[in-house]
Amino acid sequence: MNDVTSRYPTEDVEKPRIVILISGSGSNMLTIVDQVTNGTIDAEVTGIICNEPEAAGVQKARDRDLDVSVIDHRGFTSREEFDIALMRTVDDYQPDLVVLAGFMRILTPDFVRRYEGRMLNIHPSLLPKYQGLHTHRRALEAGDETHGVTVHFVTEALDDGPNVVQAVVPVLDGDTEDTLRKRVQIQEHIIYPIAVKWFVEGRLEMISGHAMFDGTALPSTGVKLQG
């Protein structure tokens, strides 16, 4: 694997560029932005894109003087038309990494292929369990003893790209969807910046459908942490 100095030389070259896509509160966006601001992640957040004009994350991003683009998906006649507009906006920011941080849209294959290998997503379950929605409810209904969150590379199959890192959270007696969601979210804010940092440092990449860390294939779970 190329080391960080070969991928991103430190002299006279811009830092790796990150664009973050959101649909809601932007809590994961903010944890990444804050670590970029304090230098923990040596990169630049060049833009925030949101498909929900009234999302709380839009104002939070503007409050941090970030460049924000709002593209309301309701103004398009098809998913494909929206994704074309989304691609054009993403490309305007010239990202090295696309971060999906609570972006609640199913992306078309053309969009995914354009950024494959440089697009990460976070999903509130221990993938491959509970792909899709209502993950906390499903874990409780199944009587699971553990639940958690996964950061993975994005591929054309929904929530099915190679895992990078997982945080495991115990399911406690008396847990509700809300209490479990809050504990899982704490771990989201820990592991997503870690994965982003690994990528911009050149330590993390996707090769032939596998997540590689420092040149070694990660296990199917990715790096597994206990929350």
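Basis of the calculations
- Residues numbered from 1 in each chain as written.
- Predicted model: local features only at pLDDT ≥ 70, side-chain atom pairs only at ≥ 80, totals over all residues.
- Heavy atoms only, no water.
- Helix = DSSP H or I, 4+ residues; strand = E, 2+ residues; numbered from the N terminus.
- Rg over C-alpha atoms; globule rule 2.2 N^0.38 Å.
- Buried < 20%, exposed > 50% of the residue type's maximum accessible area, 1.4 Å probe, protein only.
- Contact = heavy atoms within 4.5 Å.
- Areas by Shrake-Rupley, 256 points an atom, 1.4 Å probe, with all protein chains shown as cover.
- Lys, Arg positive; Asp, Glu negative; His and termini not counted.
- Charge placed at Lys NZ, Arg CZ, Asp CG, Glu CD.
- Salt bridge = Lys/Arg side-chain N within 4 Å of Asp/Glu carboxyl O.
- pLDDT = per-residue confidence, 0-100.
- Pairing = 2+ DSSP bridges.

S.K.: Which residues make up the overall build of the protein, and what values do they have?
M.R.: Each helix and strand in the protein was counted, giving 7 helices and 11 strands. What you see for the protein is a C-alpha radius of gyration of 17 Å, in line with the 17 Å of a compact globule of 227 residues. Taking the principal axes of the C-alpha coordinates as reference, the protein spans close to 55 × 45 × 35 Å. Counting the 227 residues in the protein, one finds 50% classified as buried. For the protein, contacts bridging at least 24 residues in sequence account for 65% of all contacts bridging at least 6. For the protein, the computed accessible surface area is about 10900 Å², with 48% contributed by carbon and sulfur atoms. For the protein, the separation between the mean place of its 22 positive charges and that of its 35 negative charges on side chains is 3 Å.

S.K.: So what's going on with the pattern of salt bridges? Residues and values would help.
M.R.: Side-chain pairing between opposite charges can occur once the charged atoms of the two side chains come close. Under the definition given, this model contains 15 salt bridges. When the shortest N-O distance is used, the salt bridge between K182 and D178 registers 3.2 Å. Note that K182 and D178 are positioned in helix α7 (residues 177-200) at a spacing of 4 residues, about one turn of the helix. The exposure class assigned to D178 is partly exposed, which follows from its relative accessible area of 36%.

S.K.: Which residues make up unusual backbone geometry, and what are the values?
M.R.: With an omega of 15°, the peptide bond between L127 and P128 qualifies as cis. Checked against the element boundaries, P128 lands in the loop between β5 (119-123) and α6 (135-141). In this structure, H134 takes a positive phi of about 55° despite not being glycine. Within the secondary structure, H134 is located in the loop between β5 and α6. Positive phi, normally seen in glycine, also occurs at D159, with a value near 55°.

S.K.: Talk me through the confidence of the model for the protein; I want residue IDs and the actual numbers.
M.R.: Mean pLDDT for the protein: 95, with 95% of residues reaching 70 or above. Within the model, the stretch residues 1-6 combines pLDDT values under 50 with 11 contacts to residues more than four positions away or in other chains.

S.K.: I'd like a description of the pairing of strand β6 (residues 146-153), backed by residues and values.
M.R.: Counting buried positions over the 8 residues of β6 gives 7, a clear majority of the element. Bridge count between β5 and β6: 4 bridges; the pairing is antiparallel. When the sheet's bridge partners are listed, I122 is paired in β6 with V151. Here β6 runs beside strand β7 (residues 163-170); their pairing, made up of 7 bridges, is antiparallel. Looking across to β7, one finds that G148 is bridged to V168.

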